[in-house]
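Chain by chain, the residues:
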Amino acid sequence: MSLADLTLDRWRSFDLAAAGRLADEAAAQVGGRVVLLDVVAHLGGPLHRVRIEREGREFALIPGGTVRLGFDLDAWEPTPAQAADYAGSVDEGYGYGHEDLKGYLADVLSPPRTATLATVLMAVEDEALTGPAVDMPASLAARGLRIPGADEWEHACGAGADTLFRWGNECPLDEPSYGSGRLRHEPNAFGLHIAYDSYGTELSGDPAAVHGGDGGEAVCGGYGDLLGWLPLATANRNPYAAEFTYGPDGEGMYEEFSTRPVLSLR
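Keep in mind that what you see is a predicted model, and the values were worked out from it rather than measured.

Rules used in this analysis
Residues numbered from 1 in each chain as written. Predicted model: local features only at pLDDT ≥ 70, side-chain atom pairs only at ≥ 80, totals over all residues. Heavy atoms only, no water. Pairing = 2+ DSSP bridges. Helix = DSSP H or I, 4+ residues; strand = E, 2+ residues; numbered from the N terminus. Buried < 20%, exposed > 50% of the residue type's maximum accessible area, 1.4 Å probe, protein only. Axes fitted to C-alpha atoms, helices over the stretch in contact; angles between N-to-C directions. Contact = heavy atoms within 4.5 Å.

Student: Quick one: what's the story with the sheet that holds strand β10 (residues 258-259), residue by residue and with numbers?
Tutor: In a beta sheet, neighbouring strands are held together by backbone hydrogen bonds and run either parallel or antiparallel to one another. Strands sit in the order β7-β10-β8-β9 across an open sheet of four strands; the sheet is mixed. Only two strands of the sheet have a single partner each, and these edge strands are β7 (127-128) and β9 (210-211).

Student: Hey, could you go over the pairing of strand β2 (residues 45-54) for me, with residue numbers and the actual values?
Tutor: Among the 10 residues in β2, nine count as buried, and that is most of the element. Of the strand pairs in this sheet, strand β1 (residues 33-42) and β2 are connected by nine bridges, and their pairing is antiparallel. Bridge pairing in β2 links Leu37 to Val50. Counted between consecutive antiparallel strands, the loop separating β1 from β2 contains two residues, among which Leu43 sits at a positive phi close to 55°. Note that β2 and strand β3 (residues 57-62) share four bridges and pair antiparallel. Counted as the bridge partner of Glu53 is Glu58 from β3. Hairpin connection from β2 to β3: two residues lie between these consecutive antiparallel strands, with Glu55 at a positive phi of about 50°.

Student: Could you give an account of the sheet that holds β2, with specific residues and numbers?
Tutor: Read from one edge of the open sheet, five strands run β1-β2-β3-β6-β11, paired in antiparallel fashion. The strands lining the two open edges of the sheet, one partner per strand, are β1 and β11 (262-264). Strand-to-strand twist of the sheet, defined as the mean angle between neighbouring strand axes without regard to direction, takes the value 30°. As paired strands, strand β6 (residues 120-123) and β11 are joined by three bridges and run antiparallel to one another. Bridged to Leu121 within β11 is Leu263. Lying on the sheet, helix α2 (residues 16-30) is in contact with β1, β2, β6 and β11; it crosses β2 at an angle near 25°. The sheet contacts of helix α6 (residues 150-158) involve β1, β3 and β6, and relative to β6 the element is tilted by about 80°.

And the structure:
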């Protein structure tokens with residue numbers, strides 16, 4: 001079986017020994033070594049997590065296949081606290097003109113859909129850009145890496161969960177969406193340190209999207225507690241932040257942005 005064709009469902013069916021053999025095969029393909037093989041409870045069952053070290057950087061195994069992406073607004077209702085917080089933001093003139101929270105989310109989240117993705121290794125930590133965003137693909141290619149696709153990033157973050165955030169549908173509105181909060185900094189189901197600080201701005205192959213944060217725009221702008229957390233939502237592609245990032249104002253600020261390198265498998 002090609003590692004690239006490994007599906008998340010099949011990966012979840014393996015026992016520890018089988019998962020270990022595939023982890024060793026993936027490490028051998030990229031010239032790395034397995035540094036972690038463990039199991040966590042996820043979506044009602046066990047999920048093996050693999051980390052492979054290559055040239056001083058750790059990568060997590062992200063099983064692919066046909067996966068569900070986006071956020072289904074029709075199947076979700078905000079909590080009273082979320083609705084009230086957003087109403088306060090609207091009263092202050094925020095929300096991009098959307099009186100209704102679902103209308104706002106429809107504007108900034110990707111829609112529900114399926115996509116077929118290859119299994120890859122993705123960097124556990126994002127890394128700061130070393131030049132303008134348009135130069136990053138070539139810079140990564142010189143190291144045998146590539147920038148993730150927007151769908152790859154979203155799948156890697158949510159790990160199959162259909163909730164607003166990778167940890168669930170709610171966020172602690174009485175805590176900041178940046179800094180050292182435990183909830184945000186815990187590794188996700190695949191072992192990635194991802195969507196952990198609203199001051200982050202991760203780039204993918206889609207110039208109409210940014211991920212995992214908005215550069216602190218909502219927090220610094222005083223948009224409201226919920227709007228400060230929503231940049232961490234798994235399906236948040238934030239087209240307004242992307243327009244700034246890839247526009248003339250963001251071109252000279254590339255050190256403020258990051259990406260999450262990917263190693264392709266065969």
